[in-house]
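# Examining the three-dimensional arrangement
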Amino acid sequence: LMLPHVVREGDLKEYRDTFRCLKEIGLGGFLIRNLESFSFLKEMGMEKDIRLDYSVYTYNSRAQAFWQEQGVQRDTVPYELNEREIGKRDNTNSEMVVYGYLPMMVSAQCVQKNLNGCNHSYSLVRLKDRMGKYFPVKSYCTSYYSVIYNSLPLGLVKEADEIRSMHPAAVRLNFTIETLEETKEIAAAFAGTYCKGIAVPAEQEYTKGHFRRKVE
């Protein structure tokens, strides 16, 4: 279960019984994006059910060691690392995102409210830059924040062999704005490449993120 990017005081308290029930019926764990979520789950004795998302940084070995001491299941390879840096990193307890629209900004402002007024529901709008590119924005009404995503999704389908040589514990596909059919097609393409070694042509245009370049 992926918890919110932004957690304010008291946001998760009403879900205590729900989280316990989900664990009892077989939920594999929680993907957390902030320290507030970690503190909440630790208080419930669920720290061993936690996986860290990219925003809870494990940029270096000391950060990785700290979180392992806390008993979390896995971390996520930071988006800022390039191929050389990931290759030098111990990834055996890390998940690596190989597909998904990467968040460019998490904002406490509701873009939907500022544009057209609050509609009291999750919404998707697009921002257009001076180059004519569109950036999807998802508003999370109950948590009062918006996520601005990149105009192109990350796609490391052609890099499968290289990524396997980095020995991540798992690779992950993040779906956010895709339709059901798009999700099926993308999942099939990546599963064919990563699980079966079949080179599947990707019709969609992708970005490589920082995989081929340093942080600028």
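My aim in this report is to walk through the structure given alongside it, one point at a time.

Cut-off values and rules
- Residues numbered from 1 in each chain as written.
- Predicted model: local features only at pLDDT ≥ 70, side-chain atom pairs only at ≥ 80, totals over all residues.
- Heavy atoms only, no water.
- Pairing = 2+ DSSP bridges.
- Helix = DSSP H or I, 4+ residues; strand = E, 2+ residues; numbered from the N terminus.
- Axes fitted to C-alpha atoms, helices over the stretch in contact; angles between N-to-C directions.
- Core = buried A, V, L, I, M, F, W, Y, C linked by side-chain atoms within 4.5 Å.
- Buried < 20%, exposed > 50% of the residue type's maximum accessible area, 1.4 Å probe, protein only.
- Contact = heavy atoms within 4.5 Å.
- Salt bridge = Lys/Arg side-chain N within 4 Å of Asp/Glu carboxyl O.

Once that is clear, we can look at the pairing of strand 6 (residues 123–128). As defined by bridge partners, strand 6 adjoins strand 7 (residues 134–140) across six bridges and the pair is classed as antiparallel. Of the residues in strand 7, the one forming a bridge with Ser123 is Ser139. What sits between the antiparallel neighbours strand 6 and strand 7 is a turn of five residues, in which Gly132 has the positive phi angle 85°.

Pairing within the open sheet is antiparallel, and its four strands lie in the order 5-8-7-6. Among the strands making up the open sheet, the edge pair consists of strand 5 (103–107) and strand 6. Put simply, the sheet's adjacent strands are angled 25° from each other on average, direction ignored. Where strand 5 meets strand 8 (residues 145–149), four bridges bridge the pair, whose relative direction is antiparallel. Its bridge partner being in strand 8, Ser107 is matched across the sheet by Ser146.

Once that is clear, we can look at the nonpolar core. Core analysis: the biggest nonpolar cluster contains 26 residues, and Ile86, Met96, Leu156, Ile163, Phe190, Tyr194 and Phe211 have the highest contact counts within it. Elements supplying a minimum of two residues to this core: strand 4 (94–100), strand 8, helix 6 (160–164) and helix 7 (180–196). The element that contributes the greatest number of residues to this core is strand 4, accounting for four residues. Those residues in contact with Met96 that sit more than four places away from it in its chain are Val77, Ile86, Leu156, Ile163, Pro168, Ala170, Val171, Arg172 and Phe211. Leu3, Phe38, Met44 and Ile50 belong to the second-largest nonpolar core, a separate cluster that totals 16 residues.

This brings us to the pattern of salt bridges. Within the structure shown, the criterion is met by 15 salt bridges. Residue Asp75 is joined to Arg89 by a salt bridge in which the shortest nitrogen-to-oxygen separation is 3.0 Å. Separated by 14 residues along the polypeptide, Asp75 in strand 3 (residues 75–76) and Arg89 in the loop between helix 4 (83–88) and strand 4 bring together distant segments of the chain. In terms of burial, Asp75 and Arg89 fall into one category: buried. Between Arg212 and Glu159 there is a salt bridge, and its shortest N-O distance comes to 3.8 Å.

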